[in-house]
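# Secondary and tertiary structure notes
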Amino acid sequence: MIEWIQSLWGFLPGDVQIIVLILLKIIAIVLPLLLSVAYLTFAERKIIGYMQVRIGPNRVGPRGWLQPIADTVKLMFKEIIIPSGANKFLFLLAPVLSITPALAAWAVIPFDHHMVLANVNAALLYVLAITSMGVYGVIIAGWASNSKYAFLGAMRSAAQIISYEIAMGFALVGVLMAAGSMNFGEIVLAQKGGIIHWFWLPLLPLFVIYFVAAVAETNRAPFDVAEGESEIVAGFHVEYSGMAFAVFFLAEYANMILVSALAALMFLGGWLSPFQGMGLDNTALGFLTKGSIVWFLAKTACFLFLFLWFRATFPRYRYDQIMRLGWKVFLPITIAWLLVLGLLIVGHVGPWFSAA
């Protein structure tokens, strides 16, 4: 069988081989990502259940491990009801516009020093550009539903996303200044040397603001005012059902994984080991100092746990509080810290900006 595949591969033109390899890489990224999204919903229900002294899902499969599969099958067979006054084309396009940027951004995310689909120099700019398109899915969903509640939820959500995207963008400008590059691989390599050399320390205010803004960007608690059930029923997707609603649901969790991965790359050294530079290289624990995809996934999982922890802990904020936090607190702090960061870079303050 293997020999037959090799012989068939040899007959394919060079351009076709490249296209096939790219498609295989895309599948290798998207399939585990979608599986991770499904089981992140399961992890959320179990972890919040434990925090609230409940069991959580435990009926489908051993200890409930097949619950995401059951949820998927159920949503696949539910009817998609389109309101009579809705714009059908835009109504169905909106979920696609929401989830596509969350998946397309992974084209430039490196899992390891060599594991990346597209190692482009403007990767950070690409992620900022592609993820900012997600707000169109929210606005179109609210408008195409022909419902005042959905439209009100869309406007609230869009205003929140745009507000916190500015603070998040300034936080990422700090990473760009610190690393001197927009390539994620070079940003990670600029943090070599151990946990003290990672950018979380010199960029601590930007790090905190980035992650809080990421929670707001994904409409997660306590920033889930777009889904304020007591105020506007269920937000911009109130008229959606079946798989159309499920795609919005998947987009939210896919964005959670994406912003967590970005936080790990830009502030916590990506795939680099926290034990690097501690003199363990020639000991029995030397394997702990090697950078690998395991460290990257572990750091991403830690950020995802924080998302779940926040939802179980904090009450929903008022809309005016959220707007004030984004415009009057985060934005001035990021601008001020960029000036401080510029002084640190000019002064070659080590170990992050010392002269080579």
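Figured I'd write up the structure that's included with this text. Because the structure is predicted, anything quoted here is derived from the model rather than measured.

What counts, and at which threshold
Residues numbered from 1 in each chain as written. Predicted model: local features only at pLDDT ≥ 70, side-chain atom pairs only at ≥ 80, totals over all residues. Heavy atoms only, no water. Helix = DSSP H or I, 4+ residues; strand = E, 2+ residues; numbered from the N terminus. Buried < 20%, exposed > 50% of the residue type's maximum accessible area, 1.4 Å probe, protein only. Phe/Tyr/Trp six-rings, centres within 6.5 Å; stacked < 30°, edge-to-face > 60°. Core = buried A, V, L, I, M, F, W, Y, C linked by side-chain atoms within 4.5 Å. Contact = heavy atoms within 4.5 Å. Salt bridge = Lys/Arg side-chain N within 4 Å of Asp/Glu carboxyl O. Expected span 1.5 Å × (residues − 1).

So, on to unusual backbone geometry. Across the junction of Ala 221 and Pro 222, the peptide omega takes the value 5 degrees, indicating a cis bond. Among the secondary structure elements, Pro 222 is positioned in the loop between helix 9 (204–217) and helix 10 (229–232). Its identity is not glycine, yet Arg 63 carries a phi of approximately 55 degrees, on the positive side. Summarising the element assignment, Arg 63 is placed in the loop between helix 2 (14–51) and helix 3 (67–76). Residue classification places Arg 63 among the exposed positions, given a relative accessible area of 68%. A positive phi is found at His 348, a non-glycine position, where the angle reads about 55 degrees. Relative to the elements of secondary structure, His 348 occurs in the segment after helix 13 (319–346).

Turning our attention to the packing of aromatic side chains. For the structure shown, the criterion picks out 23 aromatic pairs. Summarising the aromatic geometry, the rings of Phe 249 and Tyr 253 are spaced 5.0 Å apart at their centres and angled 55 degrees between planes, so their arrangement reads as tilted. Here Phe 249 pairs with Tyr 253, and both are found in helix 11 (residues 242–267), just four residues apart, close to one helical turn. On the basis of relative accessibility, which here comes to 1%, the residue Tyr 253 falls in the buried class. Here a set of aromatic residues connected by ring pairs shows up, and it is made of Phe 207, Tyr 210, Phe 211, Phe 267, Phe 303, Phe 307, Phe 310 and Phe 314.

Counting 67 residues, the largest nonpolar core has Trp 106, Phe 184, Tyr 210 and Met 266 as its most contacted members. Among the elements of the structure, helix 2, helix 5 (123–131), helix 7 (148–179), helix 8 (184–189), helix 9, helix 11, helix 12 (293–313) and helix 13 are those that each provide at least two residues to this core. Setting aside residues up to four positions removed in sequence, Tyr 210 forms contacts with Met 168, Ala 171, Leu 172, Val 259, Leu 262, Ala 263, Met 266 and Phe 267. By size, the runner-up hydrophobic cluster in this structure holds 14 residues, among which are Ala 158, Ile 161, Phe 236 and Ala 244.

On to the pattern of salt bridges. Counted according to the given criterion, the structure contains seven salt bridges. The closest approach of N and O atoms between Arg 311 and Glu 44, which form a salt bridge, is 3.0 Å. With Arg 311 in helix 12 and Glu 44 in helix 2, this residue pair connects regions lying 267 residues apart in the sequence. Residue classification places Glu 44 among the buried residues on the basis of a relative accessible area of 4%. Asp 320 is paired through a salt bridge with Arg 318; the nearest N and O atoms lie 2.9 Å apart. Taking the relative accessible area as the measure of exposure, Asp 320 reaches 38% and is therefore partly exposed. Put simply, Glu 44, Arg 220, Glu 252 and Arg 311 are held in one network by salt bridges that share partners.

What follows covers helix 4 (residues 88–104). The end-to-end C-alpha separation of helix 4 is 25 Å, in line with the 24 Å expected for 17 residues at 1.5 Å each. Residues of helix 4 that are buried include every one of Phe 91, Ala 94, Pro 95, Ser 98, Ile 99, Pro 101 and Ala 102, and no others. For helix 4, the elements touching its buried residues are helix 5, helix 6 (134–144) and helix 11.

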